[in-house]
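Architecture at a glance
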Amino acid sequence: MSDNLTLDEVDIEVFGQNYVFEGPEKLLEIWFGPSPDTIPNSLFPNDNDDKPPPLKTGLRLVERVIWNKFLELVKCEVLNVINNDYMDAYLLSESSMFIYPHKIILKTCGTTTLLVALPRLLEIASEYCHLHKVWRVFYSRKSFMFPERQSHPHKNWNEEVKFLDQLFENGAAYTVGKINGDHWFLWLASSPDEFLSHNSSRLKEPSHIDTFSYPLDEIDQKKPPIIIDLEDQTIEILMTELSTTTLSKFYHNPLEGESGTEGGVRIDQKTGLCNLYPEAQLDSYLFKPCGYSANGLVGDSYFNVHVTPEPICSYASFETNIPVNSGSIMDIIRQVIAIFEPGKFSVTVFKTQEGDFDKKFLVESIDVIDGFSRKDRILYELDAKPAIEKIRQLIPPLLPEFHKGQAGRICVVGGSEEYTGAPYFSSFSALKLGADIAFVVCEPTAALAIKNYAPDLMVHPYMRQSGDTGKSLEEVINNVTGLFPRTHVLIVGPGLSRDKMMLESAKGIITKAKEKNLPLVIDADGLFLIQNHPEIIKDYPKAILTPNIVEFKRLCDAMNIKLEGNNKDDMIGLLGQAFGGVTIVQKGQYDLISNGKEVFKVDDKGGLKRCGGQGDILTGLIATFLAWGSAYHDKLWQHDNSISPTEIPMLASYAACTLMRECSRSAFEKFGRAVQTSDMINEIGPSFQKLYER
Ligand SMILES: NC(=O)C1=CN([C@@H]2O[C@H](COP(=O)(O)OP(=O)(O)OC[C@H]3O[C@@H](n4cnc5c(N)ncnc54)[C@H](OP(=O)(O)O)[C@@H]3O)[C@@H](O)[C@H]2O)[C@@H](O)CC1
Ligand SMILES: Nc1ncnc2c1ncn2[C@@H]1O[C@H](COP(=O)(O)OP(=O)(O)OP(=O)(O)O)[C@@H](O)[C@H]1O
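In what follows, the accompanying structure is described. (Residues numbered from 1 in each chain as written. Chains lettered and ligands numbered in written order. Predicted model: local features only at pLDDT ≥ 70, side-chain atom pairs only at ≥ 80, totals over all residues. Heavy atoms only, no water.)

**Comments concerning the overall build of the protein chain**
Tallying secondary structure elements over the protein chain gives 20 helices and 23 strands in all. Looking at the protein chain as a whole, 59% of its 694 residues qualify as buried. Taken as a whole, the protein chain presents about 28900 Å² of accessible surface, with 50% of it coming from carbon and sulfur. (Helix = DSSP H or I, 4+ residues; strand = E, 2+ residues; numbered from the N terminus. Buried < 20%, exposed > 50% of the residue type's maximum accessible area, 1.4 Å probe, protein only. Areas by Shrake-Rupley, 256 points an atom, 1.4 Å probe, with all protein chains shown as cover.)

**Concerning helix α7 (residues 329-340)**
In a regular helix each residue adds 1.5 Å, so 12 residues correspond to 16 Å; α7 covers 17 Å between its end C-alpha atoms and thus fits that length. Among the residues making up α7, those that are buried are Ile-329, Met-330, Ile-332, Ile-333, Val-336, Ile-337, Ile-339 and Phe-340. (Expected span 1.5 Å × (residues − 1).)

**Re the packing of helix α18 (residues 648-671) against helix α20 (residues 684-691)**
For the pair α18 and α20, interaxial distance at closest approach is 9 Å and the crossing angle is 120°. By the angle between their directions, the pair α18 and α20 is classed as oblique. Considering only the axes of α18 and α20, their crossing is right-handed. Of the residues in α20, those in contact with Thr-658, Leu-659, Glu-662, Cys-663, Arg-665 and Ser-666 of α18 are Ile-684, Ser-687, Phe-688, Lys-690 and Leu-691. (Axes fitted to C-alpha atoms, helices over the stretch in contact; angles between N-to-C directions. Parallel < 35°, antiparallel > 145°, perpendicular 65-115°, else oblique. Left-handed = near helix turned anticlockwise from the far one by under 90°. Contact = heavy atoms within 4.5 Å.)

**Quick notes on the site of ligand 1**
Residues in close proximity to ligand 1 total 18 residues, the closest being Gly-495, Arg-498, Asp-525, Asn-548 and Asp-616. Note that an oxygen atom of ligand 1 is positioned 2.8 Å from one of the backbone N or O atoms of Gly-495. In this structure, a nitrogen atom belonging to ligand 1 sits 3.1 Å away from a side-chain N or O atom of Asn-548. Considering ligand 1 on its own, with 900 Å² of exposed area, one finds that the protein chains cover 50% of that surface. The class makeup of the residues in the shell around ligand 1 is 8 nonpolar, 5 polar and 5 charged. (Near = heavy atom within 4 Å. Polar contact = N/O pair within 3.5 Å; in protein donor to acceptor, adjacent residues only side chain to side chain. Nonpolar A, V, L, I, M, F, W, Y, C, P; charged D, E, K, R; others polar.)

**Digging into the sheet that holds strand β12 (residues 301-308)**
Taken in spatial order, the 6 strands line up as β10-β11-β12-β13-β9-β14 in an open sheet, and their pairing is antiparallel. Each end of this open sheet is capped by a strand with a single partner; those strands are β10 (281-286) and β14 (344-351). Going from strand to strand, the sheet's axes swing by 10° on average, the running direction of each strand aside. With 7 bridges connecting them, strand β11 (residues 292-298) and β12 associate as antiparallel partners. Residue pairing in the sheet places Leu-297 in a bridge with Tyr-302 of β12. Across the sheet, α7 is in contact with β9 (233-240), β12, β13 (315-320) and β14; its angle to β9 comes to roughly 30°. (Pairing = 2+ DSSP bridges.)

**So, the site of ligand 2**
Taken together, 13 residues form the shell around ligand 2, and within it Asn-548, Lys-587, Asp-591, Gly-613 and Gly-615 come nearest. Asp-591 places a polar side-chain atom, nitrogen or oxygen, 2.6 Å from an oxygen atom of ligand 2. Residue Arg-661 places a side-chain N or O atom 3.0 Å away from an oxygen atom belonging to ligand 2. Relative to its free-state accessible area of 620 Å², ligand 2 is covered by the protein chains to the extent of 79%. Mapped onto the shell around ligand 2, the elements with two or more residues apiece are α17 (614-633) and α18. Residues that form the shell around ligand 2 fall into these classes: 1 nonpolar, 7 polar and 5 charged.

Have a look at this one:
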């Protein structure tokens, strides 16, 4: 840059009078699987080591010359490549490309023709990596500054959507923000039949999109099912009207040294960009006469920075998938803003999962920055979680023609001299969620207490503890099974106690329930019974076991599943397999749900008080969702019957776990340390409304 010329004059001298550059990038993410280990032929060196595997698999096997050719279609070229164990990061003449084994992220600015190259990208994945199916696709960009300069299909959003829709069926296109101001376009599609924990959007089956779940009859006993943690988060800070002082730093001044990589390093230091993530492996580049790009790698995450410093179209972007939380997001925004001194900026946080903080809270935590006034704050839920969408279909509508009992009749077998709260929590939660009728079958002294808490419950004092006179084991079992014609789902265990007669009765009741094909939820002392007699429940796919951490370990011991040599999170799949397709709900800091074939993970935020009885609420919730699943298959109301009966236990468990955590979160928010299980029961209605009512 000449000392005597203004930046505008430099631009005119170098580029000519009408030169402008389109800084805002097009961003494409193609996922061929949820994680590197879902990609065929992943080369994991040892199953047992904790250190990350080399991950030099999948898309990373494609040779550089192939990518070079591919990038010609995009109209950009490679300037430099860096890599680490997790990915290869390409610095491009027009932005960046990140290649993981299972996904590719391509971001290009100017008048590049990114989408034109997409069919070739799918061919490359198929030809060189045997990746014939795509699992998730995102395409997004901010509204262009100079749309008239773009080429097909980027001339307008409708053309881009049409282009993508032709490649993948049932994509969803969104516009977010002010149509007559800054706005964003987003197109996305993901696999239709997800076995996942949470929050990614879901569409119907596109030609290139498929899932990776195992059919039950193909279970490989040695291989644990894949655990899908879809946590993925991208933050973008897009800045315009950068200060002249800042802009001048991104011009090449021959007196200071070379441009290119050497110049990039100079800029990193001059601007403080190298301090954003001091631990990052940084690859930066100064263009001639101006402009700057950088890729940074931090473990399995990246960031990139691109700067268009011409004053007439000044623009800088910062993007990262390095996780932030609501505490640290302001720090990173402030740091970036301080470096670029923009006149205007926008922040986009794209999250597939709430993780350890509420997304609403995250958006609200993006505070006002000194010197700026906020014009807009938008929380946009792009699409419901796939499982949630299915669960919504299972919820019976409230119709005037329905009669008493059709929306669910739940029977809880539990409640002893010692424990009266547990069966009450379980049965009352079922009612609060929307079951019509709840019975409690318990020991006579417990019956008195429970009748006093809740006249809404029907309490049958049929159970007997050892030493009680007046009823034989057979009579007890017959009395309880007499309720079966009026029962949709049976819960066994809350407050049952470990009394021998109570456990023997429970055993007989479970056996009879199986003969009647009744869905079963087994918890607490019911699990103690199963731990000693796993054969009672083995191979009964209509059973759900809900162990806490201690009960889970005992069940694993009973089924001879050893922790040594197995990843902690793999155990649930193995236990589900060992029980022959019974659904296991492993409760804890996060909940894992598995039928031995798939694993759902639920880590939505819960409260911080661990009062006794929360597990009992969960059983009541699961049972009600199960009852609704039966009503769905009995065609109680009109629907498309798209959900198979075998999906119900996993979906019901998922629904109940998400709901339970939301109840505990909201009750804790109100009462803090004083919160009680009964306060959580009061949150069932509002929480259900929030999560599941349309
Ligand atoms: N209000 C009522 O009426 C309620 C009644 N209930 C009924 O009580 C009955 C017994 O149920 P339970 O859970 O106390 O027995 P069980 O699992 O054998 O635990 C034994 C020991 O294991 C431990 N431990 C347990 N959980 C753990 C964890 N997550 N993480 C770590 N450790 C854990 C813990 O050991 P500690 O902490 O004392 O060392 C505990 O003492 C059953 O009928 C149930 O339905 C409950 O539903 C609550 C509300
Ligand atoms: N550390 C945690 N963080 C968040 N939620 C948790 C945590 N631990 C348990 N939970 C939730 O609390 C509920 C009950 O789980 P818990 O492990 O306490 O079962 P439990 O011992 O059978 O309960 P109960 O007291 O009814 O016998 C579950 O929904 C679980 O997800």
